[in-house]
Amino acid sequence: MADNKKQTQEYGADQIQVLEGLEAVRKRPGMYIGTTDVAGLHHLIWEVVDNAIDEAMAGHCNHVWVTIHEDGSLSVRDNGRGIPIEKHKKTKKSALETVLTVLHAGGKFGGGGYKVSGGLHGVGVSVVNALSVKLSAEVWRNGNRYYQEYDMGVAKKELEIVGDTEETGTIIRFWPDKKVFETTDFNFQTVVTRLRQQAYLTKGVTISVIDERLEREDKYRFYFEGGIKSYVAHLNKSKETFGEVIYMDREVDEGMIEIALQYTNSFQEHVFTFANTIHTTEGGMHLTGFKSALTRVVNAYGRKNGFLKEKDPNLTSEDVREGLTTVLSVKLGDPQFEGQTKSKLGNPEMRTAVESVFGEFLQEYLEENPNEGKEIFAKCSLAARARLAARAARDTVIRKGALDGLTLPGKLADCSSKDPANSELFIVEGDSAGGSAKQGRNREIQAILPLRGKILNVEHARMDRILGNNEIKSLIIALGIGIGEFFDIEKLRYERVVIMTDADVDGAHIRTLLLTLFYRYFLPLIENGYLYIAQPPLYKISQGKRVEYVYTDDAKEELLKEMEGGTKPNIQRYKGLGEMNPKQLWETTMDPETRRMLRVTIDDAERADKVFDTLMGSEVLPRKKFIQTHAKRVKNLDI
Ligand code: 0RA
């Protein structure tokens, strides 16, 4: 009797703790997943996928399936060991129910050596459960298929056996709560992009991504035998490269270090760093270690072989990284994520480990591959000389005061407001659309800068040419912010900078070039949320006196369905901004009361910068894609 009572009390206390935990998550979801916007929604997916990937990294599974179902739910299946369903003696709950209901319980799994897990998203799958109106878990294990369902994080009934199976694995499916999230519409492109990256970082694991919401379902399958080596080859696909992808993979006391790099003739550096497969966009200790080893070893190699004379100064870190594409992935037991967006690796032991392991590897590589070594060194030293020349040219431009904005560019139609918080700059493609925008705008707060033709691709140009480009120069002067070392966000003249281009291929290209420019040279504008993309309508549809502008093909179909029965509607497709008169442009695209604009995120800009657009462009067409590479033919990505 006494025993019984004690047990009941303990059980009760646990239960209360669980409910309090779930309530805390539902009350302040932002504390657990950052935001409740579309990014927060996708956080739920990464959380569940990370668990399956952990099982793969532990060597127990080689295939993960992610499916967006027709009813808007999403499931993640893996062929791992299956989450244990055995009951815990004390809590009387299965391990499965524990991970799904107790905050941070997920971390109790694993053990043995360093345990790798996605530390950033590692809030636990119980958070996903708490923020879903429904979640189902199916575990294949011991020859049985176990099943359990939850409502807002609370189990509906006991775990039950619903069938048998020879296979093992786990399927977690969830229906996010519409009351919690601004939107519960999963974005297939976001999921595909992220899981492709995940597949590169976990070589040998196949990731299938399926969207069943479409009439004809959309499918991808990613498998990269070469891991990040394939990733670098993919990133450099459309570039001229020097030598092979250099690759190393080492296990150290601190964890694992995997690095792939290759030089290209680009003037930009492309470096992507990861810790436990999480993209560390702010870099951190692993990147610091890499950079210092690279600079040290390339210089030492140059001196030893007489390429650098005694009187010559060392090449700088920028010089040795010009045109370099690098993917750096580390895995460690206890990752510390720091920085503004918690995406900077803080573990100092990783700096030392990468610096020493990569330094040693690269030195050996250069010595064993003298032809490549010589070519790489020549490329770096050319970068050094060109940088000096470009700097001199830039200093001249700046000394002449050419960027000071004392004289605003003639093409700019400025607004009368001098308050940046209340000023907008529209960067408009073409003179004719520029003319309409100038006439249609609100002069008080809206300034117009028309761009003629294509702007320079900053990927292929150093500072001297960038500053020699009139379109870019006008833009810098209009913005008021300077460039390079002289960049100063405090001087920004408009807190909304809007890219307004045609809804066609040329427009998309100009947008990509502008995004790349902002990403490379004016990043703080994006970080502060000042950069936008205007959304002009695709169609004007009229029926009798009724006139509607629609912005998507879906909306067009919906409207046409609605108009069935009346007289035949008149459909006008807008190919360019220039087809709209000033009043139409104002009403549909510029009027702050009614317009739609997309705020550019770092992700968008990064994607544009990554030359990902070439790939994206080609991927949108075919319905079924199996993307895989094998180490032997890594140079010809089979995409
Ligand atoms: C630890 C132990 C065991 C399975 C798992 C973790 C596991 C977790 C997840 C999360 C998603 N999928 C998963 N698959 C497996 C079982 C160990 C054993 O069978 O003895």
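As a starting point, this report considers the structure included with it. (Residues numbered from 1 in each chain as written. Predicted model: local features only at pLDDT ≥ 70, side-chain atom pairs only at ≥ 80, totals over all residues. Heavy atoms only, no water.)

The strands that make up a sheet are held in pairs by hydrogen bonds between backbone atoms, and each pair lies either parallel or antiparallel. Taken together, the three strands give an open sheet; going across it, the order is β22-β21-β23, and neighbouring strands pair in antiparallel fashion. Single-partner strands in this sheet number two, and they are β22 (546-550) and β23 (570-573). Geometrically, the sheet is characterised by an average inter-axis angle of 15 degrees between neighbouring strands, direction not taken into account. In this sheet, β23 lies alongside strand β21 (residues 539-543) in antiparallel orientation, the contact comprising four bridges. Paired with Ile541 across the two strands is Ile571, which belongs to β23. This element, helix α17 (residues 553-563), spans β21, β22 and β23 of the sheet and lies at about 155 degrees to β22. (Pairing = 2+ DSSP bridges. Helix = DSSP H or I, 4+ residues; strand = E, 2+ residues; numbered from the N terminus. Axes fitted to C-alpha atoms, helices over the stretch in contact; angles between N-to-C directions. Contact = heavy atoms within 4.5 Å.)

Under the counting rule described, the total for this entry stands at two cavities of 30 Å³ or more. In this model, the second largest cavity occupies a volume close to 40 Å³. Looking at the lining of the second largest cavity, its residues break down into six nonpolar, one polar and two charged. (1 Å grid on protein atoms, 1.4 Å probe; cavity = no way out; pocket = protein on both sides within 12 Å on 5 of 7 lines; lining within 4 Å. Points joined across faces, edges and corners; volume = space filled by probe spheres on them. Nonpolar A, V, L, I, M, F, W, Y, C, P; charged D, E, K, R; others polar.)

Moving on: the nonpolar core. Ranked by internal contacts, the top residues of the largest apolar core, which has 62 residues, are Phe174 and Val209. Of the residues forming this core, the biggest block, nine residues, is contributed by helix α3 (residues 38-57). Beyond its immediate sequence surroundings of up to four residues, Phe174 is in contact with Leu44, Ile45, Val48, Ser73, Leu74, Val128, Ser132, Lys134, Leu135 and Phe186. Formed by 46 residues, the second largest nonpolar core is a distinct cluster that contains Val397, Ile427, Met463 and Phe518. (Core = buried A, V, L, I, M, F, W, Y, C linked by side-chain atoms within 4.5 Å. Buried < 20%, exposed > 50% of the residue type's maximum accessible area, 1.4 Å probe, protein only.)

One way to put it is that helix α12 (residues 431-440) packs onto helix α18 (residues 582-590) with a least axis distance of 8 Å and a crossing angle of 80 degrees. Between α12 and α18, the crossing angle belongs to the class labelled roughly perpendicular. When α12 is examined against α18, the residues Ala433, Ser436, Ala437, Gln439 and Gly440 are found in contact with a partner set consisting of Pro582, Leu585, Trp586 and Met590. (Parallel < 35°, antiparallel > 145°, perpendicular 65-115°, else oblique.)

Of all the eight residues making up helix α7 (residues 228-235), seven are buried; the element is thus mostly covered by neighbouring parts of the structure. For α7, the full list of buried residues reads Ile228, Ser230, Tyr231, Val232, Ala233, His234 and Leu235.

What follows is about the packing of aromatic side chains. Within this structure, the stated rule accounts for 15 aromatic pairs. On the numbers, 6.0 Å between centres and 85 degrees between planes, the contact of Phe174 with Phe186 is edge-to-face. One end of the pair, Phe174, is in strand β7 (residues 169-176); the other, Phe186, is in the loop between β7 and α6 (188-201), and 12 residues separate them in sequence. For Phe174, a relative accessible area of 0% corresponds to the buried category. Both rings, one in Tyr200 and one in Tyr231, keep their centres 4.4 Å apart while their planes meet at 5 degrees; by these two values the pair is stacked. In this pair, Tyr200 sits in helix α6 while Tyr231 sits in helix α7, placing the two residues 31 residues apart along the sequence. One aromatic cluster is present, built from ring pairs that chain together Phe188, Tyr200, Tyr220, Phe222, Phe224, Tyr231, Phe272 and Phe274. For the cation-ring pair, Arg194 lies above Trp46, with the distance from its terminal atom to the ring centre recorded as 4.9 Å. Positioned above the aromatic ring of Phe267, the side-chain terminus of Arg462 is 4.0 Å from the ring centre. (Phe/Tyr/Trp six-rings, centres within 6.5 Å; stacked < 30°, edge-to-face > 60°. Lys NZ or Arg CZ within 6 Å of the ring centre and 35° of its normal.)

This paragraph deals with the pattern of salt bridges. Following the criterion strictly, the structure yields 37 salt bridges and no others. Notably, a salt bridge pairs Lys87 with Glu158, separated by 3.5 Å at the nearest N-O pair. Placement of the pair is Lys87 in the loop between β2 (74-78) and α4 (95-101) and Glu158 in the loop between β5 (154-155) and β6 (160-164), with a sequence separation of 71 residues. A single burial state applies to Lys87 and to Glu158, both of which are exposed. (Salt bridge = Lys/Arg side-chain N within 4 Å of Asp/Glu carboxyl O.)

Next up on the list: the sheet that holds strand β17 (residues 424-429). One open sheet holds the five strands; their spatial order is β18-β17-β19-β20-β24, and the pairing between them is mixed. The sheet is open, and its two borders are formed by β18 (446-451) and β24 (597-599), each paired with just one other strand. For this sheet, the mean angle separating the axes of adjacent strands, direction not counted, is 25 degrees. The sheet strands contacting α12 are β17, β18 and β19 (496-500), and the helix crosses β18 at an angle near 170 degrees.

A few words now on the environment of Gly435. Among the secondary structure elements, Gly435 is positioned in helix α12. Judged by its relative accessible area of 25%, Gly435 falls in the partly exposed class.

Turning next to the environment of Arg385. Mapping Arg385 onto the fold places it in helix α11 (residues 370-399). Through-space distance from the C-alpha of Arg385 to that of Leu315 is 9.5 Å; in sequence the pair is 70 residues apart.

Turning our attention to unusual backbone geometry. Note: most residues except glycine have negative phi, and most peptide bonds are trans. The phi dihedral of Asn142 falls on the positive side, at around 55 degrees, and the residue is not glycine. With respect to the helices and strands, Asn142 occurs in the loop between β3 (132-141) and β4 (144-151).

Of the positions making up α12, those classed as buried are Ala433, Gly434, Ser436, Ala437 and Gly440. Across the axial projection of α12, the buried residues extend over an arc of 165 degrees, all falling on one side. Opposite the buried face of α12, by more than 90 degrees, sit the exposed residues Ser432 and Gln439. Turning to α12, the residues buried within the fold contact β17, β18, β19 and α18. (Arc of directions from axis to C-beta.)

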